[in-house]
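What follows is the residue order along each chain.
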Amino acid sequence: MTRHARPGDVDALVSLEHASFRGDRLTRRSFVRAVSSANAAVLVEVEGAGLLGYVLLFFRAGSGVARLYSVAVDAAARGRGVGRSLVAAAEREAARRGRTVMRLEVREDNDASLALFRGSGYREFARTRDYYEDGATALRFEKALGRGGDARDRGRSGRKAA
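Throughout, a residue's number is its position along its own chain's written sequence, starting from 1. Residues qualify for local features only when their pLDDT is at least 70, as the model is predicted, and side-chain atom pairs are given and counted only at 80 or more; totals for whole chains, interfaces and linings, by contrast, use all residues. With hydrogens and water excluded, all non-hydrogen atoms of the structure serve as input to the side-chain values.

Caption draft 1: Main features of the side chain of E17. In this text, helices come from DSSP runs of H or I with a minimum length of four residues, and strands from runs of E with a minimum of two, each type numbered from the N-terminal end. Along the chain, the position of E17 falls in helix α1 (residues 10-20). For every residue, the accessible area obtained with a 1.4 Å probe (protein chains only) is divided by the maximum for its type, and the residue is called buried under 20%, exposed over 50%, and partly exposed between those limits. For the purpose of counting charges, residues Lys and Arg are taken to be positive, whereas Asp and Glu are taken to be negative. His and the chain ends are not included. Salt bridge, as used here, is a side-chain nitrogen of Lys or Arg placed within 4 Å of a carboxyl oxygen of Asp or Glu. The charged side chain of E17 is buried without a salt bridge, its nearest counter-charge being R25 at 6.4 Å. Whenever two N or O atoms come within 3.5 Å, that pair is a polar contact, provided that in protein one can donate a hydrogen and the other can accept it, and provided that, for residues adjacent in sequence, both atoms are side-chain atoms. A distance of 2.3 Å separates the side chain of E17 from the side chain of Y54, its partner in a polar contact. Once residues lying within four places of it in the same chain are set aside, the contact partners of E17 are D24, R25, L26, F31, Y54 and S70. Working rule for contacts: check all heavy atoms of both residues, and any pair within 4.5 Å makes them a contact.

And the structure:
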């Protein structure tokens, strides 16, 4: 079941974050803020009392672009469609909030995430060298939400891209 994260989920979110990433980790403070922020959404996939994964989105006022900031799936739940389910839920949440484009970055060596996003209809539009704290390159992706149109022409607010 996918739902919005609650303050009581923060310990499990932090544990999953540490198990999933070697660097560039979100802090407890970041999760606490995101769970209670009107400009963010943390969606979690749960099974029984266990947290299988999460996705974190950010929304900028006045922008049609949502930013998928992070997604993580528990190692024991990988290969079960949890990541794909979370990405689909994130897209629905962004569209519900009136966003027309989703953007995100993926490490160029993260084959599982690259396959997930390419398989979900995202297209690469830029590369950013030295993006991550260890100097790894990020590939930037975007997807138009809803019907038709090129994502690059939608959701522009004259602001820096999310």
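Caption draft 2: Local environment of the sheet that holds strand β2 (residues 40-47). For two strands to be treated as a pair, DSSP must find no fewer than two bridges joining them. On the basis of which strands lie adjacent, the open sheet formed by seven strands has the order β1-β2-β3-β4-β5-β7-β6 and mixed pairing. Edge positions in the open sheet fall to β1 (2-4) and β6 (123-128), since each of these has one partner strand only. Here the strands of the sheet are splayed against their neighbours by 30° on average, with no regard to which way each runs. The pairing of β6 with strand β7 (residues 138-144) spans five bridges and is classified as antiparallel. Residue pairing for β7: E124 is matched across the bridge by F141. In the packing of α1 onto the sheet, the strands contacted are β2, β3 (50-59) and β4 (65-73), and the crossing angle to β3 comes to about 90°. Axis definition: a line fitted to C-alpha atoms, limited for helices to the stretch in contact. Angles are taken between N-to-C directions and run from 0 to 180 degrees. Its contacts with the sheet put helix α3 (residues 82-96) on β1, β2, β3, β4, β5 (101-107) and β7, and the angle it makes with β3 is roughly 35°.

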